[in-house]
Amino acid sequence: MKRSQNSFRTRRAPEEPTRLPTKQEVTALTADPVQNMCVEMLQRGLHRSFSELFSLLQAARTRRKAAAFTTAAAPLLEEQRDKLETLKLRLIRAEEAGRAGSWSDSCQQRLLLAQYFSSPEDLWLRLHFYHSCADSEQGAASAPAMEAQAFLAEFYLQTDDVEKAKQRAELSLKREDEGMLGLNSQTLMPRFSRVLTEANMRLAEAADDHDTALKLLQESCRTARKIKDESLEGRANLHMGRLYLSKDEHDSAKQLFDSAKEHFLSAQDAGGLAEFYRTMAKFSESKGNTDEVIEFLEKSAEICESSHQHSELADVSMTLCEVYYRKGRYDRAREVALKCFEVSCKAGLTAMLLKAQTMVGISSAQLLIEKHVSGGMSSSPAALDRLLKREKTKACGELNSEPAE
Amino acid sequence: MGDKSSVWGQTCRIIPLAFPKGQEKVCELCQSPARLQCATCRVTFYCHAEHQRTDWVGIHERICKLLVPVRTCMPNNTKEIQLKKMELIKISTLVAQSKLFQGKHQEALPAAHLCSRYTEDVHGPQSVQQVPAFLLLAEANIGLGNLALAAELLSQAEWVLLKTPEHSNSLTQQLNRNFGRLHAATGNLEDARFNFANDIFFATVEFGMNSTVTACSLFLMADVFAKMKKMSITRSMYQEVARIWCDHLTKLLEIYKKNIPNPAMLSESFHDKSKRAEGERMLGAILEFLQKDVSKDLTQIALVTYSLAVLRLLDGDSHKEENYDNIFPLEPNIHQQQEFNSHLVLCPLVSKRIPTHGNGAIFFSTDIHDLQIIATEAREMLSHCLTNLQHVVHIQSQQKKIKSGD
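These numbers were taken from a predicted model, which means no experiment stands behind them.

How each quantity is defined
- Residues numbered from 1 in each chain as written.
- Chains lettered and ligands numbered in written order.
- Predicted model: local features only at pLDDT ≥ 70, side-chain atom pairs only at ≥ 80, totals over all residues.
- Heavy atoms only, no water.
- Helix = DSSP H or I, 4+ residues; strand = E, 2+ residues; numbered from the N terminus.
- Buried < 20%, exposed > 50% of the residue type's maximum accessible area, 1.4 Å probe, protein only.
- Contact = heavy atoms within 4.5 Å.
- Areas by Shrake-Rupley, 256 points an atom, 1.4 Å probe, with all protein chains shown as cover.
- 1 Å grid on protein atoms, 1.4 Å probe; cavity = no way out; pocket = protein on both sides within 12 Å on 5 of 7 lines; lining within 4 Å.
- Points joined across faces, edges and corners; volume = space filled by probe spheres on them.
- UniProt positions renumbered as here; feature names shortened; annotations may be inferred.
- Axes fitted to C-alpha atoms, helices over the stretch in contact; angles between N-to-C directions.
- Parallel < 35°, antiparallel > 145°, perpendicular 65-115°, else oblique.
- Left-handed = near helix turned anticlockwise from the far one by under 90°.
- Nonpolar A, V, L, I, M, F, W, Y, C, P; charged D, E, K, R; others polar.
- Domains from an automatic or database assignment.
- Buried area = accessible area lost by both parts, 1.4 Å probe.
- Polar contact = N/O pair within 3.5 Å; in protein donor to acceptor, adjacent residues only side chain to side chain.
- Core = buried A, V, L, I, M, F, W, Y, C linked by side-chain atoms within 4.5 Å.
- Expected span 1.5 Å × (residues − 1).
- Salt bridge = Lys/Arg side-chain N within 4 Å of Asp/Glu carboxyl O.
- Phe/Tyr/Trp six-rings, centres within 6.5 Å; stacked < 30°, edge-to-face > 60°.

1. A short note on the overall build of chain B
- Within chain B one finds 15 helices and four strands.
- When the 406 residues of chain B are sorted by exposure, 47% land in the buried category.
- Long-range pairs, those at least 24 residues apart, make up 62% of the contacts in chain B between residues at least 6 apart in sequence.
- Split by element, the accessible area of chain B, about 21,000 Å² in all, is 56% carbon and sulfur.

Given below as structure tokens:
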């Protein structure tokens, strides 16, 4: 008893009274992390950031449900803490900047978020932030918004949404013409011009009538000339030349083709030159000059090979093979078909590979027939049948005579 | 002996000593010995006329006859009685909510008490089903300044919810809202912000971002920021509240327009109408703020004015049925009908100028000359709105040109 009394006397009194946790602290420990994040944003008055975060989380859940029966779905956005933290930080900064009237900074935060979500499964988030940056009401003319516009224009072009790509490019160029853009955005103008040129060329290809197509291509040429892009101007000329060719206006077509060649040579654009020669081959074909066709196709193939353009090389080789075959030059046809087969294997072009195999087969067969016909045999169906049987038997005999293992 | 009071129901005096021992009657509201009895149902008692009137206005008028089977039940009818009690719970909840939407805190108390009593009867004490009643009582008491009682009620509600983890988000949302109101009333703005933040979160989860419930939560939060003098946040939140209400009312207006030839389709519950009363109070407060605000956002002012105009149109429509025949005693032709409809759109804008009855009925004049005067005044108000909007568009285009020079 005395010992315990002493121990009580000697025990040191606490230096500070223990502080009880507040209700908020308790809730922070017990509640869902997403809820804590949202409540924190709302406590600071950042309701727009909260709304946007909430709707993104809902969208992620919807996408996850839709993907539930397909390949392994990525984890939910709310389960990825680092992404949530980045989202929260940037959204808050964007809203605070917007509230202070600094729309350029607000757009910059959105642009950074778009650039942060770089993995393929986050493409929808990326697009969301590029859109919210580019389409911002107040900050639309700021440098980050123009950067976002440039990405979207190029993205839509890549995904063949040509109209949307054109709209975005035109809008940005219009803003530049009206003097609405700052100096920082000027450097992006060539990108918009390239997208516009490319979009017009594609739209021209798909156009129903020649006049519309011509108008679009003339606009492409003007835009390409404005940004001094020789390669692009060459392609625009080439397209226009093809248009005139389809209208049988050969002289105009030739002029444009020559101009295109000069541009490609000036820009040292191997791809452009290869395309030029393919176009020239078509031109020669329209004139019925097969030798020229072969010459141009050979040149095109050579350029494609030296510049490692496998897909184009396979295309050109197949066309060349068909020309040789039609001309009766089966040996060359077979050679070119084999080359096409090799390139298709390397590039993984399955359809082309099968076609090349077929051409190798039929060219070889023709060669065989030629060989035997030139040796005095009849080329009647019955004679060919007997020849085939003989070749077959010969092949079997050769197999049987091989020593057994 | 009966007291004659046709507006607040009839009562008769009772002699307390006439009742057997153990069966003394107590006041419906304060539980003190009763001296009056409701002459209609004869199962409800009051200590004095004031309490009888309060109960009549609060809830008794609506449920007088429904109480008879419940309070004179036979033991072998338990299941039926339980169902009747649940019906009473539903009615009293709706009535209490409606009164609170309209800001009538004193009048909400009888309904809230009744709800609490019967919920306890049916589901037992401290059940999760009793939480809505606690919340209604708490809200009414906060409105009346009885903060200590409100705090006790909210603590009880919170305790019940903590014991029942699988309760709905709606209850958590309402609990947080009431705690927020309580803290705001006591000047504890930090805790108020925390609770309102949770209110907004759970309202969004349960009802969505574009719900009028979420709008109310935002409004309450904006009020706290206004007290903290953070006007830019207040402005931003009010903007969002106005947008939600504007969208909601525009949808209601579309339904209204479609059903004009069919007045029967336009009938709504008093609960929905009361909810709109809450909307009108919120929008009125926002308009007042915007008009005094330094930034003078004309777009927002026009938007809120438009929303209030639509609200008044929809509210005026509650008496459409009784007025329709007055204005068109004969079968109306299409032209008259169209004229009437256009008046209906415009008239409520100036409804404040038309004398109202005690129960809020708005009388339209049957004189076409009066209608024309009203329509002219309303058109003037709308054209003033339009001028504001045009001015706004002009300013915005100027601002765009200035900003492009940045």
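This is not the end of the story, as more comes after the structure.
2. Details of the overall build of chain A
- What chain A contains, in helices and strands, is 20 helices and zero strands.
- Expressed as a percentage of its 405 residues, the buried residues of chain A come to 41%.
- Considering only intrachain contacts with a sequence separation of at least 6, the fraction spanning at least 24 residues in chain A is 54%.

3. As for empty space enclosed by the protein
- By the definition in use, this model includes two cavities of 30 Å³ or more.
- Put simply, the largest cavity is a space of about 60 Å³.
- Taken together, H47(A), F50(A), S51(A), I200(B), T204(B), M209(B), T214(B), L218(B) and E240(B) make up the full set of residues lining the largest cavity.
- Elements with a minimum of two residues in the lining of the largest cavity: α4 (47-66) of chain A together with α8 (189-207) and α9 (212-227) of chain B.
- In terms of residues, the lining of the largest cavity owes the most to one element, α4(A), which gives three residues.

4. Quick word on the UniProt feature "domain: MYND-type" (unreviewed entry) in chain B
- Feature annotation in UniProt places "domain: MYND-type" (unreviewed entry) on residues 27-64 of chain B, given in this structure's numbering.
- This span, residues 27-64 of chain B, is 39% helix and 13% strand, and a straight line between its end C-alpha atoms measures 15 Å.

5. Brief notes about the packing of helix α17 (residues 310-327) of chain A against helix α18 (residues 330-347) of chain A
Residue and element names in this part refer to chain A.
- Contact geometry for α17 and α18: axes closest at 8 Å, N-to-C directions at 160 degrees. Here α17 lies roughly antiparallel to α18, going by the angle between them. The hand of the α17/α18 crossing is left-handed. Touching H310, L313, A314, S317, M318, L320, C321, Y324 and Y325 of α17 are Y330, R332, A333, V336, A337, C340, V343, S344 and A347, all from α18.
- Broken down by class, the residue content of the contact of α17 with α18 amounts to 14 nonpolar, three polar and one charged.

6. Observations concerning the domain arrangement of chain B
All names here are of chain B.
- Per the domain assignment, the segments of chain B are domain 1 (1-72), domain 2 (74-178) and domain 3 (249-406).
- Listed as interface residues are eight residues of domain 2 and, on the opposing side, seven residues of domain 3.
- Here domain 2 meets domain 3 over a buried area of about 650 Å², counting both sides, of which 63% is carbon and sulfur.
- On the domain 2 side of the interface with domain 3, the three residues burying the most area are S98, F101 and Q102, jointly 71% of the side's total.
- At the surface where domain 2 touches domain 3, the tally comes to one residue pair in polar contact (both at pLDDT 80 or more).

7. Side note on the nonpolar core
- L53(A), L87(A), F129(A) and F192(A) are the most contacted members of the largest nonpolar core, which has 145 residues in total.
- Beyond its immediate sequence surroundings of up to four residues, L53(A) is in contact with M37(A), C38(A), M41(A), L84(A), L87(A) and L91(A).
- Listed in part, the 41 residues of the second largest apolar core include C38(B), I91(B), L136(B) and I142(B).

8. So, helix α5 (residues 81-99) of chain A
All names here are of chain A.
- Under the 1.5 Å per step criterion, the end-to-end length of α5 is 27 Å for 19 residues, consistent within 8% with the ideal 27 Å.
- Within α5 the residues assigned to the buried category are K83, L84, T86, L87, K88, L91, I92, A94, E95, A97 and G98.
- Remark: G101 follows α5 within two positions and exhibits a positive phi of approximately 85 degrees.

9. Notes on the pattern of salt bridges
Residue and element names in this part refer to chain A.
- Using the criterion set out here, one finds 44 salt bridges over all chains in the structure.
- Note that R191 and E147 form a salt bridge whose closest N and O atoms lie 3.4 Å from each other. Here R191, found in helix α11 (residues 189-206), pairs with E147, found in helix α8 (residues 143-158); they are 44 residues apart in sequence, far enough to count as distant.
- By relative accessible area, which is 24% here, R191 ends up partly exposed.
- The exposure class assigned to E147 is partly exposed, which follows from its relative accessible area of 27%.
- A salt bridge links E154 to R191, with the shortest nitrogen-to-oxygen separation between them at 2.9 Å. Highlighted residues: E154 in helix α8 and R191 in helix α11, separated in sequence by 37 residues.
- Sharing partners across several salt bridges, the network here consists of E40, R44, K88 and E96.

10. Re unusual backbone geometry
- Residues other than glycine seldom take positive phi values, yet D160(A) does so here, at roughly 65 degrees.
- One can find D160(A) in the loop between α8 and α9 (162-177).
- Judged by its relative accessible area of 57%, D160(A) falls in the exposed class.
- Even without being a glycine, Q126(B) presents a positive backbone phi close to 55 degrees.
- Along the chain, Q126(B) falls in the loop between α4 (105-123) and α5 (131-144).

11. Some points on the packing of aromatic side chains
Residue and element names in this part refer to chain A.
- Taken as a whole, this structure holds 14 aromatic pairs over all chains when the rule is applied.
- Aromatic side chains Y130 and F151 sit 3.9 Å apart centroid to centroid with 15 degrees between the ring planes, which places their arrangement in the stacked category. Note that Y130 is positioned in helix α7 (residues 123-134) and F151 in helix α8, a separation of 21 residues in sequence. Each member of the pair, Y130 as well as F151, carries the same accessibility label: buried.
- Consider the rings of F257 and F283, whose centres lie 5.6 Å apart with planes at 65 degrees: the pair is edge-to-face. Linking F257 in helix α14 (residues 250-267) with F283 in helix α15 (residues 270-287), this pair joins segments that are 26 residues apart in sequence.
- Exposure remark for F283: the relative accessible area of 4% places this residue in the buried category.

12. As for the interface of chain A and chain B
- Taken together, the contact between chain A and chain B spans 23 residues of the former and 26 residues of the latter.
- Across the contact surface, chain A and chain B share one salt bridge.
- Close ionic contact of E240(B) with R48(A) constitutes a salt bridge, the shortest N to O distance being 3.4 Å.
- The tally of links from chain A across to chain B stands at six residue pairs in polar contact (both at pLDDT 80 or more).
- Counting only elements with at least two residues in the side of chain A that touches chain B, the list comes to α2 (23-30), α3 (33-43) and α4 of chain A.
- The dominant element in the side of chain A that touches chain B, judged by the number of residues it contributes, is α4(A), at six residues.
- Here the side of chain A that touches chain B is composed, by residue class, of eight nonpolar, 11 polar and four charged.

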